[in-house]
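Here's the letter readout for the chains.
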Amino acid sequence: NKNGEYKYIQWKDKKFSEDLIISIGQDVTEQILVQDQYKNLIQTATDIIFEINSDGYFTFINEFAFTTLGYSESEIISQHYSNFIHEHYIKDAVDFYENLEHNENNFPTIEIPVLKKNGDEVWISQKVIIRKNDLGETIGFAGIARDLTEIKNSENEKKRRLEKIEAYNNST
């Protein structure tokens, strides 16, 4: 525009005859800026943000997830979420997602270990919401997961110490 700022215009064209095309332009600058702001917020978050479809396949993961887990986008997108969960916790995760419909207003959380590309475990706590279409049908899930690995390691170390103290006390 006149002051050097860019405007985003969405054009709709209609051809009435070989000689007549009418175009209507609508300023969509505000919507584009809001979308960019939302995208920037999601991509710079320091939590894992993801979406999966109703069948459990990833449709979106933010950049932090790729950095944390060591996978590329092509190694995660279109893969089933259970492929990244420690084998002893897959049933818990499946049960969690299957029972979300009953708890959809509570925004339940689950703590599970997921596997990095190098095989290391990362304990996460994830909060999930159900995504529905205009007809109220479930079309997928969106979630935010936070790395709890250090907290879990501290809890496990404390538990091991208490077990050693108890064993020592029992032997004396």
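Residues numbered from 1 in each chain as written. Predicted model: local features only at pLDDT ≥ 70, side-chain atom pairs only at ≥ 80, totals over all residues. Heavy atoms only, no water.

Caption draft 1: Examining the overall build of the protein more closely. Counting its secondary structure elements, the protein contains five helices and seven strands. Listing each helix as α and each strand as β along the protein from the N terminus yields β-β-α-β-β-α-α-α-β-β-β-α. Taken against the 2.2 N^0.38 rule, which gives 16 Å for 172 residues, the C-alpha radius of gyration of the protein at 24 Å runs more than 25% over that of a compact globule. In terms of overall dimensions, the protein has C-alpha extents of about 100 × 40 × 30 Å along its principal axes. Counting over 172 residues, the protein shows a buried share of 28%. Expressed as a percentage of contacts within the protein between residues at least 6 apart in sequence, the contacts between residues at least 24 apart total 35%. Accessible area of the protein: about 12,500 Å², with a carbon and sulfur share of 49%. (Helix = DSSP H or I, 4+ residues; strand = E, 2+ residues; numbered from the N terminus. Rg over C-alpha atoms; globule rule 2.2 N^0.38 Å. Buried < 20%, exposed > 50% of the residue type's maximum accessible area, 1.4 Å probe, protein only. Contact = heavy atoms within 4.5 Å. Areas by Shrake-Rupley, 256 points an atom, 1.4 Å probe, with all protein chains shown as cover.)

Caption draft 2: Representation of the pairing of strand E3 (residues 48–53). In terms of strand pairing, E3 meets strand E7 (residues 138–147) through six bridges, oriented antiparallel. Paired with Ile52 across the bridge in E7 is Phe141. Both E3 and strand E4 (residues 58–61) contribute to a ladder of three bridges, which runs antiparallel. Directly across from Glu51, in E4, lies its bridge partner Phe60. Count of turn residues in the E3/E4 antiparallel hairpin: four residues, of which Gly56 carries a positive phi of about 95°. (Pairing = 2+ DSSP bridges.)

Caption draft 3: Expanded view of helix H4 (residues 90–98). Inspection of H4 places Ala93, Phe96 and Tyr97 among the buried residues, and these make up the whole buried set. Viewed along the axis of H4, the buried residues span an arc of 90°, placing them on a single side of the element. Facing away from the buried side of H4 by over 90 degrees, the exposed positions are Lys91 and Glu98. The inward-facing, buried residues of H4 contact E3, strand E5 (109–115), strand E6 (121–132) and E7. (Arc of directions from axis to C-beta.)

Caption draft 4: Region of the structure containing the packing of aromatic side chains. On inspection of all chains with the given rule, the structure shows seven aromatic pairs. Between the aromatic rings of Phe50 and Phe58, the centroid separation amounts to 6.1 Å while the plane-to-plane angle is 75°, which identifies the pairing as edge-to-face. Consider the rings of Phe96 and Tyr97, whose centres lie 5.4 Å apart with planes at 85°: the pair is edge-to-face. Residue Phe96 shares its accessibility class with Tyr97, and that shared class is buried. Taken together, the ring pairs connect Phe50, Phe58, Tyr71 and Phe84 into an aromatic cluster. (Phe/Tyr/Trp six-rings, centres within 6.5 Å; stacked < 30°, edge-to-face > 60°.)

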